[in-house]
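Chain residues, written in single-letter form:
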Amino acid sequence: MADPLRPNVSAELVARLIDQAPTRVQKRLDKNPLVADTWTWSRQDNQITVVAGEETVRLVVNPESNSMTELQQLSCTCLLAPKCFHLLACASRLPLEQTVDSSATTDSVTTLIDDDQTASAVEVTAVMRQAASNSIGAIETVLSVGSRNCGVVVQSTLLRAAHQCRRHGLIHLSAALIRSVQGIRQLKSGSDGTDTEQLKTDLARTVVLARAVLRHDTLEVDQVGQVRRPFTAVDVSRLQGVLAEPIVTRSGFAGTVVHFIANDTAFYEVGLVRPGEPSLASQAYQGGIDLGSTTLSAFELCRATLDVQNLTASPDHRLGRGTKTRWARRKPVSASDSTADDGQSTAHDWNLSFAAPFAEQLKRLFDAQQDPGQATANRHRLVGFECTVLGPHHCSVAVSLTELDAPLFLEIPLDIDALPYRANLELLSRSAGLRLRVVGRPRPGQSGSIDPLMICPLAQDDATPRLELPESWRGVCQLGLDRLERHFFSHTDQFGDTDTLNGTGSPGGLSLSNSDLSPGLTRQLSALVLGGRRSVAALGSRSHRRQVRALQRRNQTMAASLAETIASQASLARPTLQLTDLLAAANEYEKASLQDYQRQAWNDWLHPVTPADF
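The following refers to the structure shown. Every chain's residues receive numbers from 1 upward, in the order its sequence appears when written. Reporting in this predicted model follows two pLDDT cut-offs: at least 70 for local features of residues, and 80 or more for side-chain atom pairs to be given and counted; totals over whole chains, interfaces and linings ignore these cut-offs and use all residues. Neither water nor hydrogens contribute to the side-chain values; these are computed over all heavy atoms in the structure.

1. Section: the overall build of the chain
Okay, step 1: Runs of E in the DSSP output that reach at least two residues are strands. Runs of H or I that reach at least four are helices, and both are numbered from the N terminus. Each helix and strand in the chain was counted, giving 19 helices and 26 strands.
Okay, step 2: Relative to all contacts within the chain whose residues are 6 or more apart in sequence, the contacts with residues 24 or more apart total 68%.
Okay, step 3: The Shrake-Rupley method, run with a 1.4 Å probe sphere, supplies the accessible areas, and residue values consider only the shown protein chains as cover. Of the roughly 28,200 Å² that the chain leaves accessible, carbon and sulfur atoms contribute 49%. Between two residues, a contact is recorded if the distance between any of their heavy atoms is within 4.5 Å.

2. Brief notes about the sheet that holds strand β3 (residues 47–52)
Okay, step 1: Read across the sheet, four strands follow the order β2-β3-β4-β6 without closing on themselves; strand pairing throughout is antiparallel. A single partner strand is all that each edge strand has here, and the edge strands are β2 (40–44) and β6 (74–76). Pairs of neighbouring strands in the sheet enclose a mean axial angle of 15 degrees, with direction left out of account.
Okay, step 2: The sheet contact formed by β3 and strand β4 (residues 55–60) spans six bridges and is antiparallel. Across the sheet, isoleucine 48 pairs through a bridge with leucine 59, a residue of β4. Two strands are said to pair when DSSP picks up at least two bridges between them. Axes, fitted as lines to C-alpha atoms, cover a helix only where it is in contact. Angles between the N-to-C directions of the axes lie from 0 to 180 degrees.

3. Some details on helix α16 (residues 519–531)
Okay, step 1: When the terminal C-alpha atoms of α16 are compared, their 17 Å separation across 13 residues agrees well with the 18 Å that a helix rising 1.5 Å per residue should span.
Okay, step 2: We call a residue buried when its accessible area falls under 20% of the maximum for its residue type, exposed when it is over 50%, and partly exposed in between, using a 1.4 Å probe and counting protein chains only. Of all 13 residues making up α16, 10 are buried, and the element is well covered by its neighbours.
Okay, step 3: All buried positions along α16 are accounted for by Pro519, Gly520, Leu521, Thr522, Gln524, Leu525, Leu528, Val529, Leu530 and Gly531.
Okay, step 4: Positive phi appears at glycine 532, one or two residues downstream of α16, with a value of about 90 degrees. Here the expected span of a helix is defined as 1.5 Å times the quantity of residues minus one.

4. Considerations on the packing of helix α7 (residues 196–215) against helix α19 (residues 579–606)
Okay, step 1: The interhelical angle for the contact between α7 and α19, taken along N-to-C directions, is 110 degrees, at an axis separation of 9 Å. Our classification of the angle between α7 and α19 gives roughly perpendicular. The way α7 lies across α19 gives a crossing that is left-handed. Touching Lys200, Thr201, Leu203, Ala204, Val207, Val208 and Arg211 of α7 are Thr580, Asp581, Leu583, Ala584, Asn587, Glu588 and Glu590, all from α19.
Okay, step 2: When the residues that make up the contact of α7 with α19 are grouped by side-chain class, the tally is six nonpolar, three polar and five charged. Every angle not falling under 35 degrees, over 145, or within 65 to 115 is termed oblique; those three ranges are roughly parallel, roughly antiparallel and roughly perpendicular. Rotating anticlockwise by less than a right angle from the far helix to the near helix defines a left-handed crossing, while the corresponding clockwise rotation defines a right-handed one. Any residue outside Ala, Val, Leu, Ile, Met, Phe, Trp, Tyr, Cys, Pro, Asp, Glu, Lys and Arg is labelled polar, Gly included; the first ten of those are nonpolar and the last four are charged.

5. Considering the sheet that holds strand β16 (residues 305–309)
Okay, step 1: Within the open sheet, the five strands sit side by side as β13-β12-β11-β16-β18. Their pairing is antiparallel. The open sheet is flanked by β13 (267–275) and β18 (326–329), the only strands paired with a single partner. Direction aside, neighbouring strands of the sheet carry axes that sit 35 degrees apart on average.
Okay, step 2: Where β16 and β18 come together, four bridges link them in antiparallel fashion.

6. Some thoughts on the environment of leucine 79
Okay, step 1: Of note, leucine 79 is situated in the loop between β6 and α3 (85–92).
Okay, step 2: When the C-alpha positions of leucine 79 and glutamate 55 are compared, they lie 9.7 Å apart, and in sequence the two are 24 residues distant.

7. A look at the packing of α7 against α16
Okay, step 1: Between α7 and α16, the shortest axis-to-axis distance is 10 Å and the interhelical angle comes to 80 degrees. With respect to each other, α7 and α16 are oriented roughly perpendicular. Packed against α7, whose contacting residues are Thr196, Leu199, Lys200 and Leu203, the element α16 presents Leu525, Val529 and Leu530 at the interface.
Okay, step 2: In terms of residue class, the contact of α7 with α16 is built from five nonpolar, one polar and one charged.

Here it is in structure tokens:
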């Protein structure tokens, strides 16, 4: 979560501090990169004081952005300041300010433009190409020495490249470079949050984005990124709330996002996400969201039918909430209505979105994953189905669908104390026979497993388990935000004090990674990313030959060829092929292989082969 004692710092400022520091100061920090964590940090208003032995560092934070971007905001009592070890050590332990990326920002950053003003392509300039070339050169250096050996000088090269890309409009490329630096920092600090697979992906994505700049005269806006998300007018007159989802990120943001289905059958969303603790998700759910001249809570929005005018939306279907938009909530027809404000409208929307068979909905999601052109429209990746609770199974709730031979497993989407996911699923697991309507998100790499987000109990006779929700919930429970109580249930098993979801592991299909699909190639890439080219097994070594033979026996000829090429190039003092290109190619191969396997694994789960089929 966000630490008030550790404000964000811009990549340009850190690079400047590294570049101006003497070589002996840089080497001293490389030997002990975590030294600032042993100093005493305190904060009063917008000033942070760090007591570093006999010296004192002061950091002045921008109150609005909680960040530092100028050298004048840092000072030290040391005579060598601002080129001193203390300033550099403190800055190196601050989180890097993320490039404002149009694919990841919140509703607070918007730009309204007309349809005819929307630029679909960006002309690649000479300065863009230079920035992309510098980015590839920086990543080539990382692969040469290895992420574990990347000192502050190499990190400065990456940060300067990120700043250059940001300045010339290459937003996605700048963001990928900053994420790479963050991954390297975590690796060198031994942080529990270190994700070497993500670091490899970020480095490879940087290369792919930079190569696209170098190879094309024009690029689509989606490939370059935008500082401000463009909002264009959409022909939508009605919105039906589908669900509210809590958002909690590792970078310290929390809040709630409400998903809608519109009269044009497309999904849209409105969110309230801010820096803060996980408890902010519940506060955002109950608090008000400004919608034009109207204010409604996420609790109300996810259950409401809204008549709207003058709506705008971003390419990723986030709705604008400016003063020119008009939002009017329809009056509820009946408090006993089982689904929402207007039973007929809700049923109609469900039929449009989720009436298709589960297998067909899943196929759409995998098709969208492979088609970048459809990824925006299908970014919600939601499926809906009606099911019957079977009971607890390991750490999930098993449910059956009439159309499927195999059960599905409702997993805990986010298992933290601040959210009621686990407690709610515990109660549901004791209600075998309960009929539910569920909206959730399939886990692509875990066949048979669903992250449930919303449930709606279906009518049943008095002899079977029943779930009666409070009238204010209007027949809908948001599993990550509403808390179910025992007295809501009837005709179920006795509720004891023993947890039912206490198993370990996943009950669904095997959750495989790249290392399971092409282990030899993955080990080689990991060695290249972490230890550099000298860590890659030599072309004639026994371990390399064994890995290649294993890939060939699995009929993975492309993986074997990539492994051979990486080994041969890594052993050369002057490689004829750039290691960056080999990393990008191998990473794309692994990604495509994993997606294909995941799709096939889900298909096998939905259509199991029986002995009678042979």
